[in-house]
Amino acid sequence: MAYIEPAPIKDKENPLESMMERFNIAAEKLGLSDEVYNVLKNPAKQVIVSLPITMDNGKIQVFEGIRVIHSNILGPAKGGIRFAPDVHLDEVRALAAWMTWKCAVVDIPYGGGKGGVRCNPREMSKGEIERLMRAYTMAMIDVFGPDKDIPAPDMGTGPREMAWLMDEYSKAHGMTVPAVVTGKPLVLGGSLGRTEATGRGVMVSALSAMQKLKINPFQATCAVQGFGNVGSWAAQLLEERGLKITAISDHTGAFYNEKGINIEEAIKHKEANNGTLEGFKGGDLMENPGDLLTLDVDVLVPAALEDVITAANADKIKAKLIVEGANGPTSAKADAIINDKGIMAVPDILANAGGVTVSYFEWVQNRLGYKWTADRVNRRSDRIMKDAFEHVYQASQKYDVPMRIAAYIVAIDKVAKTYTFRGGF
Ligand code: NAD
(Lines give C-alpha, C1' and ligand atoms only; values in the text may rest on other atoms or scores of the structure.)
Protein backbone atom coordinates (compact mmCIF):
# COMPACT_ATOMS: atom_id res chain seq x y z
CA MET A 1 0.00 0.00 0.00
CA ALA A 2 1.33 3.43 -0.92
CA TYR A 3 2.59 5.72 1.78
CA ILE A 4 -0.06 8.42 1.92
CA GLU A 5 0.61 11.81 3.40
CA PRO A 6 -2.46 14.01 3.00
CA ALA A 7 -2.46 17.71 3.77
CA PRO A 8 -3.13 18.46 7.43
CA ILE A 9 -6.53 20.03 6.94
CA LYS A 10 -7.10 19.68 3.25
CA ASP A 11 -9.89 21.76 1.67
CA LYS A 12 -10.92 23.18 5.04
CA GLU A 13 -8.15 25.42 6.23
CA ASN A 14 -5.05 26.49 4.40
CA PRO A 15 -2.68 23.61 5.30
CA LEU A 16 0.31 25.91 5.57
CA GLU A 17 -1.52 28.24 7.96
CA SER A 18 -2.77 25.35 10.08
CA MET A 19 0.76 24.00 10.44
CA MET A 20 2.10 27.48 11.19
CA GLU A 21 -0.48 27.92 13.98
CA ARG A 22 1.17 25.14 16.00
CA PHE A 23 4.65 26.21 14.88
CA ASN A 24 4.02 29.73 16.19
CA ILE A 25 2.97 28.53 19.65
CA ALA A 26 6.05 26.30 19.94
CA ALA A 27 8.37 29.04 18.61
CA GLU A 28 7.03 31.47 21.21
CA LYS A 29 7.46 28.97 24.08
CA LEU A 30 11.02 28.30 22.92
CA GLY A 31 11.79 32.00 22.61
CA LEU A 32 12.99 31.40 19.05
CA SER A 33 14.86 34.38 17.65
CA ASP A 34 13.30 36.30 14.77
CA GLU A 35 16.18 35.36 12.48
CA VAL A 36 15.76 31.61 12.93
CA TYR A 37 11.97 31.95 12.85
CA ASN A 38 12.16 33.68 9.48
CA VAL A 39 14.49 31.02 8.09
CA LEU A 40 12.26 28.15 9.22
CA LYS A 41 8.97 29.61 8.12
CA ASN A 42 10.14 29.66 4.49
CA PRO A 43 11.13 26.63 2.41
CA ALA A 44 14.79 26.42 1.36
CA LYS A 45 14.02 25.50 -2.24
CA GLN A 46 10.94 25.35 -4.47
CA VAL A 47 11.16 23.94 -7.97
CA ILE A 48 8.28 24.02 -10.45
CA VAL A 49 8.69 22.23 -13.76
CA SER A 50 6.64 21.73 -16.87
CA LEU A 51 6.42 18.14 -18.10
CA PRO A 52 5.28 17.56 -21.70
CA ILE A 53 4.17 13.92 -22.13
CA THR A 54 3.03 12.05 -25.23
CA MET A 55 -0.32 10.53 -24.29
CA ASP A 56 -1.59 7.22 -25.70
CA ASN A 57 -3.72 9.12 -28.25
CA GLY A 58 -0.56 10.66 -29.73
CA LYS A 59 -1.26 14.17 -28.36
CA ILE A 60 1.18 15.99 -26.10
CA GLN A 61 -0.15 17.02 -22.69
CA VAL A 62 1.76 19.29 -20.34
CA PHE A 63 1.77 18.54 -16.57
CA GLU A 64 3.04 20.67 -13.71
CA GLY A 65 5.56 19.12 -11.33
CA ILE A 66 6.59 20.56 -7.96
CA ARG A 67 9.34 19.71 -5.50
CA VAL A 68 9.80 21.66 -2.30
CA ILE A 69 12.70 21.28 0.10
CA HIS A 70 11.70 22.92 3.34
CA SER A 71 15.02 22.34 5.06
CA ASN A 72 18.13 20.25 4.49
CA ILE A 73 20.01 21.55 7.47
CA LEU A 74 19.82 18.21 9.34
CA GLY A 75 20.60 16.10 6.28
CA PRO A 76 19.19 15.29 2.84
CA ALA A 77 15.53 16.19 2.39
CA LYS A 78 13.04 13.33 2.72
CA GLY A 79 9.45 13.24 1.55
CA GLY A 80 6.96 11.61 -0.77
CA ILE A 81 5.75 12.42 -4.27
CA ARG A 82 2.04 12.94 -4.67
CA PHE A 83 0.21 12.40 -7.97
CA ALA A 84 -3.14 14.16 -7.57
CA PRO A 85 -5.38 16.43 -9.65
CA ASP A 86 -5.57 19.19 -7.05
CA VAL A 87 -2.04 19.21 -5.66
CA HIS A 88 -0.79 22.78 -5.23
CA LEU A 89 2.29 24.62 -4.03
CA ASP A 90 0.86 25.66 -0.63
CA GLU A 91 -0.01 22.06 0.19
CA VAL A 92 3.41 20.77 -0.86
CA ARG A 93 5.12 23.52 1.17
CA ALA A 94 3.14 22.55 4.29
CA LEU A 95 3.87 18.86 3.82
CA ALA A 96 7.58 19.52 3.26
CA ALA A 97 7.79 21.48 6.53
CA TRP A 98 5.85 18.72 8.27
CA MET A 99 8.51 16.24 7.17
CA THR A 100 11.23 18.47 8.65
CA TRP A 101 9.50 18.36 12.04
CA LYS A 102 8.70 14.65 11.85
CA CYS A 103 12.29 13.63 11.06
CA ALA A 104 13.65 15.97 13.75
CA VAL A 105 11.26 14.58 16.41
CA VAL A 106 12.48 11.01 15.87
CA ASP A 107 16.04 12.25 15.51
CA ILE A 108 16.83 10.82 12.10
CA PRO A 109 19.35 12.73 9.98
CA TYR A 110 16.99 14.09 7.37
CA GLY A 111 15.48 17.38 6.38
CA GLY A 112 11.97 17.77 4.99
CA GLY A 113 10.84 17.69 1.39
CA LYS A 114 7.75 16.89 -0.64
CA GLY A 115 6.79 16.64 -4.29
CA GLY A 116 3.68 16.73 -6.38
CA VAL A 117 2.56 16.30 -9.96
CA ARG A 118 -0.80 17.73 -10.91
CA CYS A 119 -2.44 14.81 -12.74
CA ASN A 120 -5.14 12.22 -12.29
CA PRO A 121 -3.42 8.82 -12.26
CA ARG A 122 -6.82 7.05 -12.16
CA GLU A 123 -7.53 8.34 -15.66
CA MET A 124 -4.08 7.55 -17.06
CA SER A 125 -2.67 4.35 -18.54
CA LYS A 126 0.33 2.58 -17.00
CA GLY A 127 2.47 3.77 -19.91
CA GLU A 128 1.39 7.40 -19.46
CA ILE A 129 2.13 7.27 -15.72
CA GLU A 130 5.54 5.72 -16.40
CA ARG A 131 6.44 8.43 -18.94
CA LEU A 132 5.29 11.11 -16.49
CA MET A 133 7.29 9.63 -13.58
CA ARG A 134 10.40 9.35 -15.74
CA ALA A 135 9.98 12.92 -17.06
CA TYR A 136 9.52 14.24 -13.50
CA THR A 137 12.67 12.36 -12.40
CA MET A 138 14.71 13.81 -15.26
CA ALA A 139 13.40 17.31 -14.55
CA MET A 140 14.51 16.88 -10.91
CA ILE A 141 17.78 15.08 -11.69
CA ASP A 142 19.84 17.82 -10.01
CA VAL A 143 17.45 18.08 -7.06
CA PHE A 144 17.24 14.36 -6.12
CA GLY A 145 20.21 12.40 -4.82
CA PRO A 146 21.01 10.03 -1.92
CA ASP A 147 22.81 12.89 -0.17
CA LYS A 148 20.51 15.69 -1.34
CA ASP A 149 16.84 14.77 -1.54
CA ILE A 150 15.33 11.29 -1.20
CA PRO A 151 11.75 10.93 -2.42
CA ALA A 152 9.24 8.21 -1.46
CA PRO A 153 5.68 7.24 -2.40
CA ASP A 154 2.73 9.36 -1.37
CA MET A 155 -0.89 9.64 -2.52
CA GLY A 156 -1.26 8.23 -6.04
CA THR A 157 2.21 6.69 -6.19
CA GLY A 158 3.66 3.43 -4.82
CA PRO A 159 6.55 0.97 -5.17
CA ARG A 160 6.00 0.71 -8.94
CA GLU A 161 6.58 4.44 -9.48
CA MET A 162 9.57 4.41 -7.10
CA ALA A 163 11.13 1.62 -9.20
CA TRP A 164 10.79 3.81 -12.35
CA LEU A 165 12.31 6.76 -10.51
CA MET A 166 15.24 4.65 -9.31
CA ASP A 167 15.77 3.26 -12.82
CA GLU A 168 15.67 6.67 -14.54
CA TYR A 169 17.98 8.26 -11.98
CA SER A 170 20.38 5.29 -12.18
CA LYS A 171 20.51 5.40 -16.01
CA ALA A 172 21.35 9.09 -15.93
CA HIS A 173 24.23 8.36 -13.54
CA GLY A 174 25.51 5.24 -15.30
CA MET A 175 25.16 3.05 -12.20
CA THR A 176 22.48 1.58 -9.96
CA VAL A 177 21.62 4.05 -7.18
CA PRO A 178 18.99 2.41 -4.94
CA ALA A 179 19.46 4.94 -2.10
CA VAL A 180 17.99 7.78 -4.18
CA VAL A 181 14.45 6.73 -3.26
CA THR A 182 12.66 4.68 -0.58
CA GLY A 183 9.45 2.70 -0.71
CA LYS A 184 10.86 0.51 -3.47
CA PRO A 185 9.76 -3.07 -4.09
CA LEU A 186 11.66 -5.52 -1.84
CA VAL A 187 13.65 -6.97 -4.76
CA LEU A 188 14.97 -3.50 -5.63
CA GLY A 189 16.18 -2.82 -2.09
CA GLY A 190 12.97 -2.11 -0.16
CA SER A 191 13.15 -2.85 3.59
CA LEU A 192 11.56 -5.68 5.52
CA GLY A 193 9.27 -4.33 8.24
CA ARG A 194 8.23 -1.25 6.25
CA THR A 195 4.63 -2.42 5.76
CA GLU A 196 3.87 -2.66 9.48
CA ALA A 197 6.27 0.14 10.55
CA THR A 198 3.74 2.94 11.01
CA GLY A 199 1.20 0.80 12.92
CA ARG A 200 4.03 -0.57 15.01
CA GLY A 201 5.17 2.95 15.91
CA VAL A 202 1.58 3.78 16.90
CA MET A 203 1.61 0.74 19.22
CA VAL A 204 4.94 1.75 20.79
CA SER A 205 3.71 5.33 21.29
CA ALA A 206 0.43 4.11 22.82
CA LEU A 207 2.17 1.79 25.29
CA SER A 208 4.68 4.50 26.27
CA ALA A 209 1.84 6.94 26.90
CA MET A 210 -0.18 4.37 28.85
CA GLN A 211 2.78 3.83 31.12
CA LYS A 212 2.86 7.57 31.91
CA LEU A 213 -0.91 7.67 32.44
CA LYS A 214 -0.78 4.48 34.54
CA ILE A 215 -3.25 2.67 32.29
CA ASN A 216 -2.80 -1.11 32.46
CA PRO A 217 -2.88 -2.45 28.86
CA PHE A 218 -4.51 -5.67 30.07
CA GLN A 219 -7.45 -3.73 31.45
CA ALA A 220 -7.66 -1.11 28.71
CA THR A 221 -10.12 -0.72 25.86
CA CYS A 222 -9.38 0.87 22.51
CA ALA A 223 -11.19 2.11 19.38
CA VAL A 224 -9.42 2.34 16.03
CA GLN A 225 -10.74 4.46 13.17
CA GLY A 226 -9.52 3.24 9.77
CA PHE A 227 -8.54 -0.34 8.99
CA GLY A 228 -5.98 0.17 6.25
CA ASN A 229 -2.25 -0.22 6.58
CA VAL A 230 -1.85 1.87 9.74
CA GLY A 231 -5.13 1.06 11.51
CA SER A 232 -5.10 -2.71 11.00
CA TRP A 233 -1.46 -3.08 12.08
CA ALA A 234 -1.96 -0.80 15.09
CA ALA A 235 -5.09 -2.75 16.14
CA GLN A 236 -3.37 -6.11 15.74
CA LEU A 237 -0.23 -5.13 17.65
CA LEU A 238 -2.17 -3.40 20.45
CA GLU A 239 -4.43 -6.46 20.80
CA GLU A 240 -1.33 -8.66 21.04
CA ARG A 241 -0.17 -6.49 23.94
CA GLY A 242 -3.36 -6.98 25.93
CA LEU A 243 -5.71 -4.18 24.89
CA LYS A 244 -9.33 -5.00 24.15
CA ILE A 245 -10.19 -3.43 20.78
CA THR A 246 -13.91 -2.74 21.16
CA ALA A 247 -14.43 -0.84 17.89
CA ILE A 248 -12.90 -0.67 14.42
CA SER A 249 -14.03 1.06 11.25
CA ASP A 250 -13.30 1.75 7.62
CA HIS A 251 -15.05 3.79 4.92
CA THR A 252 -17.82 1.14 4.72
CA GLY A 253 -18.83 1.30 8.40
CA ALA A 254 -17.91 0.99 12.08
CA PHE A 255 -18.21 -2.18 14.20
CA TYR A 256 -18.57 -2.43 17.96
CA ASN A 257 -18.14 -5.42 20.24
CA GLU A 258 -18.18 -4.91 24.00
CA LYS A 259 -16.27 -8.18 24.52
CA GLY A 260 -13.55 -7.14 22.09
CA ILE A 261 -13.21 -7.59 18.34
CA ASN A 262 -11.06 -10.48 17.15
CA ILE A 263 -8.59 -8.51 15.00
CA GLU A 264 -7.16 -11.56 13.28
CA GLU A 265 -10.67 -12.42 12.07
CA ALA A 266 -11.28 -8.83 10.99
CA ILE A 267 -8.06 -8.84 8.94
CA LYS A 268 -9.01 -12.18 7.35
CA HIS A 269 -12.44 -10.76 6.51
CA LYS A 270 -10.86 -7.69 4.95
CA GLU A 271 -8.46 -9.74 2.87
CA ALA A 272 -11.28 -11.91 1.55
CA ASN A 273 -13.54 -8.94 0.95
CA ASN A 274 -11.74 -6.63 -1.44
CA GLY A 275 -9.92 -4.83 1.37
CA THR A 276 -13.03 -3.69 3.25
CA LEU A 277 -14.82 -4.58 6.51
CA GLU A 278 -18.23 -4.56 4.82
CA GLY A 279 -20.34 -7.48 6.09
CA PHE A 280 -18.02 -8.20 9.06
CA LYS A 281 -19.89 -10.28 11.65
CA GLY A 282 -17.47 -9.96 14.58
CA GLY A 283 -19.21 -6.82 15.91
CA ASP A 284 -22.41 -4.80 15.68
CA LEU A 285 -22.60 -2.32 12.83
CA MET A 286 -22.77 1.15 14.42
CA GLU A 287 -25.59 3.40 13.24
CA ASN A 288 -23.36 6.43 13.01
CA PRO A 289 -19.72 5.50 12.22
CA GLY A 290 -18.53 8.88 13.54
CA ASP A 291 -19.69 7.80 17.03
CA LEU A 292 -16.63 5.53 17.20
CA LEU A 293 -14.61 8.61 18.09
CA THR A 294 -16.73 9.37 21.16
CA LEU A 295 -17.00 5.83 22.57
CA ASP A 296 -16.20 5.23 26.21
CA VAL A 297 -12.74 3.71 25.70
CA ASP A 298 -9.33 4.34 27.24
CA VAL A 299 -7.42 4.74 23.99
CA LEU A 300 -8.56 6.23 20.68
CA VAL A 301 -6.49 5.70 17.53
CA PRO A 302 -7.64 7.82 14.57
CA ALA A 303 -5.86 6.12 11.64
CA ALA A 304 -7.89 7.09 8.59
CA LEU A 305 -8.41 10.69 7.61
CA GLU A 306 -7.37 14.20 8.46
CA ASP A 307 -9.59 16.58 10.41
CA VAL A 308 -11.95 14.08 12.11
CA ILE A 309 -11.59 15.46 15.65
CA THR A 310 -12.88 18.99 15.39
CA ALA A 311 -14.37 21.72 17.55
CA ALA A 312 -17.75 20.05 16.82
CA ASN A 313 -17.03 16.70 18.54
CA ALA A 314 -13.91 17.22 20.68
CA ASP A 315 -15.87 17.89 23.88
CA LYS A 316 -17.68 14.52 23.52
CA ILE A 317 -14.49 12.47 23.44
CA LYS A 318 -14.23 10.12 26.42
CA ALA A 319 -10.87 8.48 25.75
CA LYS A 320 -8.02 9.33 28.13
CA LEU A 321 -5.46 8.96 25.37
CA ILE A 322 -5.49 9.76 21.64
CA VAL A 323 -2.69 8.34 19.50
CA GLU A 324 -2.68 9.90 16.03
CA GLY A 325 -1.97 7.22 13.44
CA ALA A 326 -3.32 9.43 10.64
CA ASN A 327 -1.79 12.72 9.61
CA GLY A 328 -3.67 15.74 10.92
CA PRO A 329 -6.71 13.94 12.41
CA THR A 330 -7.16 16.74 14.96
CA SER A 331 -7.94 20.23 13.72
CA ALA A 332 -6.02 23.12 15.25
CA LYS A 333 -9.32 24.42 16.71
CA ALA A 334 -9.94 21.14 18.60
CA ASP A 335 -6.55 21.26 20.34
CA ALA A 336 -7.67 23.55 23.15
CA ILE A 337 -10.81 21.50 23.91
CA ILE A 338 -8.82 18.25 24.11
CA ASN A 339 -6.28 19.89 26.38
CA ASP A 340 -8.94 21.37 28.69
CA LYS A 341 -10.43 17.92 29.09
CA GLY A 342 -7.05 16.60 30.23
CA ILE A 343 -6.80 14.11 27.37
CA MET A 344 -3.26 13.23 26.30
CA ALA A 345 -2.89 13.42 22.50
CA VAL A 346 0.26 11.85 21.06
CA PRO A 347 0.57 13.95 17.88
CA ASP A 348 0.99 12.64 14.35
CA ILE A 349 4.53 13.97 13.91
CA LEU A 350 5.54 11.63 16.73
CA ALA A 351 3.00 8.77 16.73
CA ASN A 352 3.13 7.90 13.02
CA ALA A 353 6.85 8.54 12.50
CA GLY A 354 7.58 4.79 12.54
CA GLY A 355 7.01 4.83 8.77
CA VAL A 356 9.65 7.41 7.94
CA THR A 357 11.99 5.75 10.45
CA VAL A 358 11.92 2.48 8.52
CA SER A 359 12.23 4.40 5.23
CA TYR A 360 15.43 5.79 6.74
CA PHE A 361 16.49 2.19 7.47
CA GLU A 362 15.85 1.34 3.82
CA TRP A 363 18.25 4.11 2.79
CA VAL A 364 20.83 2.96 5.38
CA GLN A 365 20.64 -0.65 4.12
CA ASN A 366 20.96 0.51 0.49
CA ARG A 367 24.05 2.48 1.36
CA LEU A 368 25.52 -0.43 3.35
CA GLY A 369 24.71 -2.82 0.53
CA TYR A 370 23.29 -5.15 3.17
CA LYS A 371 19.85 -6.41 4.15
CA TRP A 372 18.64 -6.42 7.75
CA THR A 373 16.24 -9.03 9.12
CA ALA A 374 12.70 -7.93 10.00
CA ASP A 375 13.57 -8.52 13.64
CA ARG A 376 16.51 -6.11 13.51
CA VAL A 377 14.39 -3.47 11.75
CA ASN A 378 11.64 -3.78 14.36
CA ARG A 379 13.96 -3.65 17.35
CA ARG A 380 15.73 -0.56 16.06
CA SER A 381 12.56 1.29 15.12
CA ASP A 382 10.96 0.44 18.50
CA ARG A 383 13.95 1.96 20.25
CA ILE A 384 13.82 5.13 18.16
CA MET A 385 10.08 5.50 18.80
CA LYS A 386 10.44 4.93 22.55
CA ASP A 387 13.29 7.43 22.84
CA ALA A 388 11.38 10.01 20.80
CA PHE A 389 8.30 9.61 23.00
CA GLU A 390 10.34 10.07 26.16
CA HIS A 391 12.08 13.11 24.74
CA VAL A 392 8.78 14.78 23.80
CA TYR A 393 7.23 13.82 27.15
CA GLN A 394 10.13 15.44 29.03
CA ALA A 395 9.71 18.60 26.93
CA SER A 396 5.97 18.68 27.72
CA GLN A 397 6.82 18.57 31.45
CA LYS A 398 9.60 21.14 31.19
CA TYR A 399 7.58 23.69 29.21
CA ASP A 400 4.24 22.72 30.74
CA VAL A 401 2.63 22.24 27.32
CA PRO A 402 0.59 19.47 25.66
CA MET A 403 2.44 16.71 23.80
CA ARG A 404 1.68 18.26 20.39
CA ILE A 405 3.34 21.55 21.19
CA ALA A 406 6.15 19.66 22.96
CA ALA A 407 6.80 17.67 19.76
CA TYR A 408 7.06 20.91 17.78
CA ILE A 409 9.33 22.35 20.47
CA VAL A 410 11.67 19.32 20.27
CA ALA A 411 11.75 19.51 16.47
CA ILE A 412 12.15 23.27 16.13
CA ASP A 413 14.76 23.38 18.88
CA LYS A 414 16.85 20.76 17.12
CA VAL A 415 16.63 22.46 13.73
CA ALA A 416 17.22 25.92 15.22
CA LYS A 417 20.29 24.75 17.19
CA THR A 418 21.74 23.18 14.05
CA TYR A 419 21.28 26.48 12.19
CA THR A 420 23.02 28.29 15.00
CA PHE A 421 26.01 25.90 14.95
CA ARG A 422 26.29 25.77 11.17
CA GLY A 423 25.78 29.51 10.80
CA GLY A 424 26.88 30.96 7.49
CA PHE A 425 24.05 33.43 6.95
P1 NAD B 1 -4.90 3.16 3.79
O2 NAD B 1 -5.39 3.66 2.49
O3 NAD B 1 -4.18 1.85 3.85
O4 NAD B 1 -6.11 3.04 4.82
C5 NAD B 1 -7.03 4.06 5.06
C6 NAD B 1 -8.17 3.45 5.85
O7 NAD B 1 -9.06 4.48 6.25
C8 NAD B 1 -9.00 2.45 5.04
O9 NAD B 1 -9.36 1.36 5.88
C10 NAD B 1 -10.25 3.24 4.69
O11 NAD B 1 -11.37 2.44 4.47
C12 NAD B 1 -10.39 4.05 5.95
N13 NAD B 1 -11.29 5.18 5.84
C14 NAD B 1 -11.46 6.03 4.80
N15 NAD B 1 -12.45 6.90 5.06
C16 NAD B 1 -12.92 6.57 6.30
C17 NAD B 1 -13.94 7.08 7.13
N18 NAD B 1 -14.69 8.10 6.73
N19 NAD B 1 -14.15 6.51 8.33
C20 NAD B 1 -13.39 5.46 8.74
N21 NAD B 1 -12.42 4.94 7.99
C22 NAD B 1 -12.19 5.48 6.79
O23 NAD B 1 -4.01 4.33 4.38
P24 NAD B 1 -2.91 4.24 5.51
O25 NAD B 1 -1.59 4.06 4.88
O26 NAD B 1 -3.36 3.30 6.58
O27 NAD B 1 -2.94 5.74 6.05
C28 NAD B 1 -3.88 6.16 7.03
C29 NAD B 1 -3.43 7.48 7.59
O30 NAD B 1 -2.14 7.34 8.17
C31 NAD B 1 -3.29 8.63 6.59
O32 NAD B 1 -3.60 9.83 7.25
C33 NAD B 1 -1.81 8.59 6.26
O34 NAD B 1 -1.34 9.83 5.80
C35 NAD B 1 -1.24 8.28 7.61
N36 NAD B 1 0.12 7.76 7.54
C37 NAD B 1 0.40 6.61 6.89
C38 NAD B 1 1.69 6.13 6.87
C39 NAD B 1 2.03 4.82 6.22
O40 NAD B 1 3.17 4.39 6.35
N41 NAD B 1 1.09 4.15 5.57
C42 NAD B 1 2.72 6.85 7.51
C43 NAD B 1 2.41 8.05 8.18
C44 NAD B 1 1.10 8.47 8.18
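In this text, all values refer to a predicted model and were calculated from it rather than measured experimentally.

Reading guide: rules and limits
Residues numbered from 1 in each chain as written. Predicted model: local features only at pLDDT ≥ 70, side-chain atom pairs only at ≥ 80, totals over all residues. Heavy atoms only, no water. Pairing = 2+ DSSP bridges. Helix = DSSP H or I, 4+ residues; strand = E, 2+ residues; numbered from the N terminus. Axes fitted to C-alpha atoms, helices over the stretch in contact; angles between N-to-C directions. Parallel < 35°, antiparallel > 145°, perpendicular 65-115°, else oblique. Left-handed = near helix turned anticlockwise from the far one by under 90°. Contact = heavy atoms within 4.5 Å. Nonpolar A, V, L, I, M, F, W, Y, C, P; charged D, E, K, R; others polar. Core = buried A, V, L, I, M, F, W, Y, C linked by side-chain atoms within 4.5 Å. Buried < 20%, exposed > 50% of the residue type's maximum accessible area, 1.4 Å probe, protein only. Expected span 1.5 Å × (residues − 1).

Asker: Just checking my understanding: could you explain the sheet that holds strand β1 (residues 45–54) for this structure?
Answerer: Taken in spatial order, the five strands make up an open sheet running β1-β2-β4-β3-β5, and their pairing is mixed. Looking at which strands have only one partner, the edges of the open sheet turn out to be β1 and β5 (149–153). The sheet shows a mean angle of 25° between the axes of neighbouring strands, taken without regard to direction. As paired elements, strand β3 (residues 77–84) and strand β4 (residues 111–118) share six bridges and run parallel to each other. Paired with Ala84 across the two strands is Arg118, which belongs to β4.

Asker: I would appreciate a short explanation of the packing of helix α6 (residues 194–213) against helix α11 (residues 354–368) in the present structure.
Answerer: Any two packed helices are characterised by the angle at which their axes cross and by the distance between the axes. Where α6 contacts α11, the axes come no closer than 7 Å and their chain directions differ by 140°. Overall, the two elements α6 and α11 adopt an arrangement that is oblique. Classified by chirality, the crossing of α11 by α6 is right-handed. Taking contact as the criterion, the partners of Arg194, Ala197 and Thr198 in α6 are, on α11, Gly354, Gly355, Val358 and Ser359. Per-class residue counts for the contact of α6 with α11 are two nonpolar, four polar and one charged.

Asker: Before we go on, may I ask you to explain the sheet that holds strand β12 (residues 344–346) in this structure?
Answerer: Backbone-to-backbone hydrogen bonds pair the strands of a sheet. The strands run either parallel or antiparallel. As summarised here, the arrangement of the seven strands in space is β9-β8-β7-β6-β10-β11-β12, forming an open sheet in which the pairing is mixed. Edge positions in the sheet fall to β9 (284–285) and β12, since each has one partner strand and no second. Here two bridges tie strand β8 (residues 253–256) to β9, and the two strands are oriented antiparallel to one another. Across the sheet, residue Phe255 finds its bridge partner in β9, namely Leu285.

Asker: Which parts of the structure should I look at to understand the nonpolar core?
Answerer: The nonpolar side chains of a soluble globular protein tend to be buried with one another. By size, the foremost hydrophobic cluster in this structure holds 92 residues, and its most contacted members are Leu40, Trp101, Ile248, Val301, Val323, Val346 and Ile412. Ignoring any residue separated from it by four or fewer positions in sequence, one finds Trp101 in contact with Met19, Phe23, Leu40, His70, Ile349, Tyr408, Ala411, Ile412 and Val415. Within the second largest apolar cluster, 29 residues are counted, among which are Leu51, Ile129, Met133 and Val181.

Asker: Honestly, helix α12 (residues 374–399) in this entry has me stumped. Any pointers?
Answerer: Residues spaced three or four apart along an α-helix point in a common direction, a consequence of the helix completing one turn every 3.6 residues. End to end, α12 covers 37 Å across 26 residues, agreeing with the expected 38 Å (1.5 Å per residue, within 8%). By the burial criterion, the buried members of α12 are Val377, Asn378, Ser381, Asp382, Ile384, Met385, Ala388, Phe389, Val392, Tyr393, Ala395 and Ser396. Considering only its buried residues, α12 is in contact with α3 (89–105), α6, β12, α10 (348–351), α11 and α13 (403–422). Count one or two residues on from α12 and you reach Asp400, which has phi positive near 55°.

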